[in-house]
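Next come the chains, spelled out residue by residue.
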Amino acid sequence: MCRQKFQHFPVLSSFTSLLLRERMANMRRKSDSVRKALERLWHEKYECVAIQPLQAIPGHEYQQICNAVGEVASARKMRCAIGRPLLSTPCEAPEVARALLAHLPADRKSDEDVVLMGHGARHEACSLYNYLAIELARLDRRVYLGTMSPPNELETIIPSLVSEVVWLMPLLSVVGKHAINDMAGSAADSWRSRIEAAGRRCNPVLKGISEYASVADLWLGNLGKAVDFLKD
């Protein structure tokens with residue numbers, strides 16, 4: 001989708017996860033970090049670069065990307081612009097909520113509960129999850145948003161679940177260890193196991209939100225603003 005929208009620009013992918021980069025390297029696939037990708041572009045004589053992180057909120061990981069970009073841009077005298085994450089202000093919560101709800105499982109019945117699992121972090125930006133949770137509930141009262149760290153942990157949601165079947169979906173850009181193990185895994189402390197221990201039948205959906213067209217469009221819109229900034 002990114003290459004289709006920005007056909008006149010070269011598009012590169014980079015990865016913040018060391019584990020993912022190691023796995024890709026073992027498969028002999030290119031796996032640049034953000035810093036390495038920028039250095040590669042500098043060696044290829046590019047002077048302006050727009051970067052779009054795929055974080056949900058401007059938490060620690062987003063800040064690490066900003067720091068890496070700032071350091072390389074300063075050292076190499078490059079002009080760089082960074083697109084905002086999916087949700088950077090409370091005002092964006094309604095739009096993000098609508099994009100997420102557009103991709104609920106097709107087999108889900110309207111009276112069945114859905115629980116979205118966000119990453120969460122001990123960061124002030126995590127308050128944005130609360131605004132998103134409110135908007136999701138306003139549009140569909142059976143959709144809940146929790147995170148892997150306080151204050152929106154699963155224990156605060158389980159008492160509200162009433163349907164026999166509960167759909168479990170990651171609020172994560174890609175499916176990795178958090179979605180596979182922490183959300184849908186068979187261990188006793190996974191979200192799936194804890195929901196089933198409460199007497200519900202759980203249907204996990206292993207699909208990252210970057211695979212949803214309406215969500216990807218929001219990130220692409222933010223990238224477009226970064227590109228326009230570099231044109232000025």
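Keep in mind it's a predicted model, so treat the numbers as computed, not measured.

What counts, and where the lines are drawn
- Residues numbered from 1 in each chain as written.
- Predicted model: local features only at pLDDT ≥ 70, side-chain atom pairs only at ≥ 80, totals over all residues.
- Heavy atoms only, no water.
- 1 Å grid on protein atoms, 1.4 Å probe; cavity = no way out; pocket = protein on both sides within 12 Å on 5 of 7 lines; lining within 4 Å.
- Points joined across faces, edges and corners; volume = space filled by probe spheres on them.
- Helix = DSSP H or I, 4+ residues; strand = E, 2+ residues; numbered from the N terminus.
- Nonpolar A, V, L, I, M, F, W, Y, C, P; charged D, E, K, R; others polar.
- Buried < 20%, exposed > 50% of the residue type's maximum accessible area, 1.4 Å probe, protein only.
- Contact = heavy atoms within 4.5 Å.
- Axes fitted to C-alpha atoms, helices over the stretch in contact; angles between N-to-C directions.
- Parallel < 35°, antiparallel > 145°, perpendicular 65-115°, else oblique.
- Left-handed = near helix turned anticlockwise from the far one by under 90°.
- Pairing = 2+ DSSP bridges.
- Phe/Tyr/Trp six-rings, centres within 6.5 Å; stacked < 30°, edge-to-face > 60°.
- Right-handed = clockwise from strand over helix to strand, strands pointing away.

Draft legend 1. Region of the structure containing empty space enclosed by the protein. This structure, assessed with the given rule, holds one cavity of 30 Å³ or more. Estimates place the volume of the largest cavity at around 40 Å³. Among the elements that line the lining of the largest cavity, the one with the most residues is strand S5 (residues 165-171), at three residues. For the lining of the largest cavity, the class distribution of residues is seven nonpolar, no polar and no charged.

Draft legend 2. Representation of the side chain of Asn222 within the structure. Relative to the elements of secondary structure, Asn222 occurs in helix H9 (residues 213-231). On the basis of relative accessibility, which here comes to 8%, the residue Asn222 falls in the buried class. With sequence-adjacent residues up to four places away left out, Asn222 is seen in contact with Gln52, Gly83, Arg84 and Pro85.

Draft legend 3. A look at the packing of helix H3 (residues 34-43) against helix H4 (residues 60-76). Where H3 meets H4, the axes come as close as 9 Å, and the angle between the chain directions of the two elements is 25 degrees. Taken as axis vectors, H3 and H4 run roughly parallel relative to one another. Regarding H3 and H4, the two cross each other, and that crossing is right-handed. Within the contact between the two elements, H3 uses Val34, Arg35, Leu38, Glu39 and Trp42 and H4 uses Ile65, Ala68, Val69, Glu71, Val72 and Arg76. Residue composition of the contact of H3 with H4, grouped by class: seven nonpolar, no polar and four charged.

Draft legend 4. Region of the structure containing the sheet that holds strand S6 (residues 201-204). Pairing in this open sheet of four strands is parallel, and the strands run S4-S3-S5-S6 from one edge to the other. A strand with exactly one partner marks an edge of an open sheet, and here the two such strands are strand S4 (143-147) and S6. Averaged over all neighbouring strand pairs, the angle between strand axes comes to 25 degrees, with direction disregarded. Two strands pair when backbone bridges link them, and strand S3 (residues 113-118) and S5 are joined in this way by six bridges, in the parallel orientation. When the sheet's bridge partners are listed, Val115 is paired in S5 with Leu168. Packing of helix H6 (residues 127-139) onto the sheet brings it into contact with S3, S4 and S5, and relative to S4 it is tilted by some 165 degrees.

Draft legend 5. Broad picture of the packing of aromatic side chains. Tallying each qualifying case throughout the model produces one aromatic pair. Between Phe6 and Phe9, the ring centres sit 6.5 Å apart and the planes meet at 65 degrees, which makes this aromatic pair edge-to-face. Taking relative accessible area as the criterion, Phe6 reaches 10% and is therefore assigned buried. With a relative accessible area of 43%, Phe9 lands in the partly exposed category.

Draft legend 6. Local environment of the pairing of strand S2 (residues 79-82). Here four bridges tie strand S1 (residues 48-51) to S2, and the two strands are oriented parallel to one another. Paired with Val49 across the two strands is Cys80, which belongs to S2. One crossover worth recording links S1 to the parallel S2 by way of H4, and it is right-handed.

Draft legend 7. Structural detail: the packing of helix H5 (residues 93-101) against H6. Put simply, H5 and H6 touch, their axes get as near as 9 Å, and they point 55 degrees apart. Regarding the angle of H5 to H6, the classification is oblique. The crossing of H5 and H6 is right-handed. When H5 is examined against H6, the residues Ala93, Pro94, Val96, Ala97, Arg98, Leu100 and Leu101 are found in contact with a partner set consisting of Tyr131, Leu132, Glu135, Leu136 and Leu139. A per-class count over the contact of H5 with H6 returns 10 nonpolar, no polar and two charged.

Draft legend 8. Local environment of the environment of Ala68. In this structure, Ala68 sits in helix H4. Here the alpha-carbon distance between Ala68 and Ala56, two residues 12 residues apart in the chain, equals 19 Å.

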